[in-house]
There are 2 protein chains.
Amino acid sequence: MNKRRYDSEQAKVEIMEHAVSLFSQKGYNQTSVGDISTASGYSKGHIYYHFENKEKLFVLLSQQTMQDWHNKWLQKDCTYSTATEKLYGMAMHVLYHYQTPLLRSGQELASNPKSSPESVQQLYNLAIVPMSAYRAILQEGIDRGEFIHGNIDEWTVLLGTWLGGLCQLTNTQELKALEPLFNQAITIFLKEIKKGGI
Amino acid sequence: MNKRRYDSEQAKVEIMEHAVSLFSQKGYNQTSVGDISTASGYSKGHIYYHFENKEKLFVLLSQQTMQDWHNKWLQKDCTYSTATEKLYGMAMHVLYHYQTPLLRSGQELASNPKSSPESVQQLYNLAIVPMSAYRAILQEGIDRGEFIHGNIDEWTVLLGTWLGGLCQLTNTQELKALEPLFNQAITIFLKEIKKGGI
DNA sequence: CGATGATTTGAACGGTCGTTCTAATCTTAT
DNA sequence: ATAAGATTAGAACGACCGTTCAAATCATCG
């Protein structure tokens, strides 16, 4: 009744790490179970010992990645004292920690009619995580009197789509070089919502 | 030496129409040549009579779609009298005519290592088309004295990513319902760049 | 040691897909 | 009408992929 017999858990972790890397680089459809097998050094059969199928593996990795992103944000969140600071901090957090390539390959899975509806739903649910984080900051800003009263749902979507759009640039550009762009987006957005900013 | 013998050109057009539709709905990898054959009613062999391979077909369709989008914009462009009006007009043009699903599936092709570098390059070049259209409006606004002097390249990227991000919503929402969101994005953006807008 | 159950492998299956090839059909020109 | 060339169909190939399965290996416990 030991927790670990002979390190199957370690193998599972290694498989997941290589799978995340491959899905991010090549996308969902273009990453084969054989690729994951070769990269991780474990047989294809062994992957199916740990995971029901490729689809479930991908959904699990996506959820775990998003969870990880959110947890890291919550750690930073309390280090800022104003909602305005939080917005700039969030922009950097998105730039450096949002796993755009992995989450984008989820669209491949979601657009495939053969994918199980359950998996597709689980992937769509992931989009709620960042949106609710953005919304929390905006709400806090209103409550604290930093931001004007406005349509918070609309603001959330506008902010989310802008940051999401900017993230697509991470394919082709250095992250460091994108910092001014992300900050400028926040600055422009703040002009709209900040009290006395008109 | 007639132009059309017996309507092979018509067949080619029909194949292209169905291919665009399928690539948009199911993505690049999940759309097989067999799918296009079934949908169009022409045999797989016939598709290869008109097109060198699946990859070239997709690139051609992408280019044609982008060209079409740009041409339609140029027709509208001259009906607006100010750069400000053009920005709002562009937002609607993007919302209703930018073929997000098709162009997104280009990322599947581009992320596949087996794709020919030439095709990947051609797809990346497509991104220049909308960006230069945005830039032209911003430049005109500055020249006409509507907009302040600022970093036009940065503005172009910020506007482009925002509209691009908003386009992702067209998957799940009605286009009509997105109009206020697109307009609001332009309004916020204009507050930053409009003369005397501070 | 020997049994038991967890772990791991690698071959094999069934299916799909992009592409090629050959033959058949059709149009046009002579 | 018949040859020549354009067009179309459909079978076939070779490669790959997700998944299954039976057998082999290993750690632990009685």
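Since we're looking at a predicted model, the values are computed, not measured.

*Asks:* Would you mind showing me how to read the overall build of chain A here?
*Replies:* Tallying secondary structure elements over chain A gives 10 helices and 0 strands in all. For chain A, the N- to C-terminal ordering of α and β elements is α-α-α-α-α-α-α-α-α-α. In terms of its C-alpha atoms, chain A occupies a principal-axis envelope of roughly 65 × 40 × 35 Å. Residues classed as buried in chain A amount to 35% of the 198 residues present. For chain A, long-range pairs separated by at least 24 residues make up 68% of all intrachain contacts whose partners lie at least 6 apart in sequence.

*Asks:* Explain the interface of chain A and chain B here, please?
*Replies:* A common measure of how large an interface is: the accessible area buried when the components associate. Facing the 24 residues of chain A at the interface are 25 residues of chain B. For the side of chain A that touches chain B, the elements supplying multiple residues, two or more each, are α9 (152-167) and α10 (175-193) of chain A. Examining the composition of the side of chain A that touches chain B, we find that 8 residues originate from one element, α9 of chain A, more than from any other. Here the residues of the side of chain A that touches chain B sort into 9 nonpolar, 10 polar and 5 charged.

*Asks:* Which parts of the structure should I look at to understand helix α10 (residues 175-193) of chain B?
*Replies:* One turn of an α-helix holds 3.6 residues; hence residues three or four places apart share an orientation. All names here are of chain B. An ideal rise of 1.5 Å per residue puts 27 Å on 19 residues; α10 measures up with 27 Å between its terminal C-alpha atoms. Three or more residues of α10 are buried, namely F182, A185, F189, E192 and I193. With its buried residues spanning 80° around the axis, α10 presents them on a single face. What points out from α10, more than 90 degrees from its buried face, is the exposed set K176, A177 and P180.

*Asks:* Hey, could you run me through the nonpolar core in this one?
*Replies:* Soluble globular proteins tend to pack their nonpolar side chains together in the buried interior. Membership of the largest hydrophobic core comes to 56 residues, with the highest contact counts inside it found for A91 of chain A together with A91 of chain B. Ignoring sequence-local partners within four residues, the contact set of A91 of chain A consists of L163, F182, N183, A185 and I186 of chain A.

*Asks:* What should I look at first to understand helix α1 (residues 8-26) of chain B in this one?
*Replies:* Residue and element names in this part refer to chain B. Compared with the 27 Å implied by 1.5 Å per residue over 19 residues, the 27 Å span of α1 between its first and last C-alpha is a close match. When we look at burial in α1, the residues that qualify are I15, A19, V20, L22 and F23. Where α1 is buried, its residues touch α2 (33-40), α3 (44-50), α4 (54-77) and α6 (100-111). Among the residues trailing α1, G27 stands out with phi positive, at a value near 85°.

*Asks:* I keep staring at the domain arrangement of chain A and nothing clicks. Help me out?
*Replies:* Residue and element names in this part refer to chain A. Considered domain by domain, chain A is made up of domain 1 (1-51) and domain 2 (55-193). Taken over C-alpha atoms, the centre of domain 1 sits 28 Å from the centre of domain 2. Contact residues are listed per partner, giving 9 residues for domain 1 and 11 residues for domain 2. Partitioning the side of domain 1 that touches domain 2 into residue classes produces 6 nonpolar, 3 polar and no charged.

*Asks:* Looking at this model, I keep getting lost on the relation of the copies chain A and chain B. Mind explaining?
*Replies:* With an axial shift of 0.0 Å and an RMSD of 0.0 Å, the rotation relating chain A to chain B amounts to 180°. Taken together, the turn and the small shift mark the pair as related by a two-fold rotation axis. A share of 100% of interface residues in chain A that are also interface residues in chain B marks the association as one of identical surfaces.

*Asks:* I would appreciate a short explanation of the environment of P130 of chain A in the present structure.
*Replies:* Structurally, the position occupied by P130 of chain A is in helix α8 (residues 128-143). C-alpha of P130 of chain A to C-alpha of D143 of chain A: the two residues are 13 residues apart in sequence and 20 Å apart in space.

*Asks:* Mind showing me how you'd approach the packing of helix α5 (residues 83-97) of chain B against α10 of chain B here?
*Replies:* Two numbers describe a pair of packed helices, the interaxial angle and the distance between the axes. Residues and elements named next belong to chain B. The geometry of α5 relative to α10 is characterised by a closest axis approach of 9 Å and an angle of 145° between their N-to-C directions. Judged by the sense of rotation from one axis to the other, the crossing of α5 with α10 is right-handed. Each of T84, L87, Y88, A91, M92, L95 and Y96 in α5 lies in contact with α10, whose residues at this interface are L175, L178, E179, F182, N183, A185, I186 and L190. Of the residues belonging to the contact of α5 with α10, the class tally is 12 nonpolar, 2 polar and 1 charged.

*Asks:* Please clarify how the environment of A39 of chain B should be interpreted in this entry.
*Replies:* Here A39 of chain B is to be found in helix α2. Between the alpha carbons of A39 of chain B and W73 of chain B there is a distance of 30 Å; along the sequence they are 34 residues apart.

*Asks:* Help me out: how do you make sense of the packing of α5 of chain B against helix α8 (residues 128-143) of chain B in this one?
*Replies:* All names here are of chain B. Here α5 crosses α8 at 160°, and the two axes come no closer than 9 Å. As far as their axial angle goes, α8 and α5 are roughly antiparallel. The chirality of how α5 crosses α8 is left-handed. Residues A83, K86, L87 and M90 of α5 lie in contact with α8, whose contacting residues are Y134, I137, E140 and G141. Each residue belonging to the contact of α5 with α8 can be placed in one class, and the counts come to 5 nonpolar, 1 polar and 2 charged.

*Asks:* What exactly am I supposed to notice about the environment of D143 of chain B here?
*Replies:* As for its position among the elements, D143 of chain B is in helix α8. Spatially, the C-alpha atoms of D143 of chain B and H97 of chain B are 28 Å apart, while their sequence positions differ by 46 residues.

Here is what the cut-offs are and how they apply
- Residues numbered from 1 in each chain as written.
- Chains lettered and ligands numbered in written order.
- Predicted model: local features only at pLDDT ≥ 70, side-chain atom pairs only at ≥ 80, totals over all residues.
- Helix = DSSP H or I, 4+ residues; strand = E, 2+ residues; numbered from the N terminus.
- Buried ≥ 20, exposed ≤ 12 C-beta atoms within 10 Å, placed from the backbone.
- Contact = placed C-beta atoms within 7 Å.
- Nonpolar A, V, L, I, M, F, W, Y, C, P; charged D, E, K, R; others polar.
- Expected span 1.5 Å × (residues − 1).
- Arc of directions from axis to C-beta.
- Core = buried A, V, L, I, M, F, W, Y, C linked by C-beta atoms within 7 Å.
- Domains from an automatic or database assignment.
- Least-squares fit on C-alpha atoms with pLDDT ≥ 70 in both.
- Axes fitted to C-alpha atoms, helices over the stretch in contact; angles between N-to-C directions.
- Left-handed = near helix turned anticlockwise from the far one by under 90°.
- Parallel < 35°, antiparallel > 145°, perpendicular 65-115°, else oblique.

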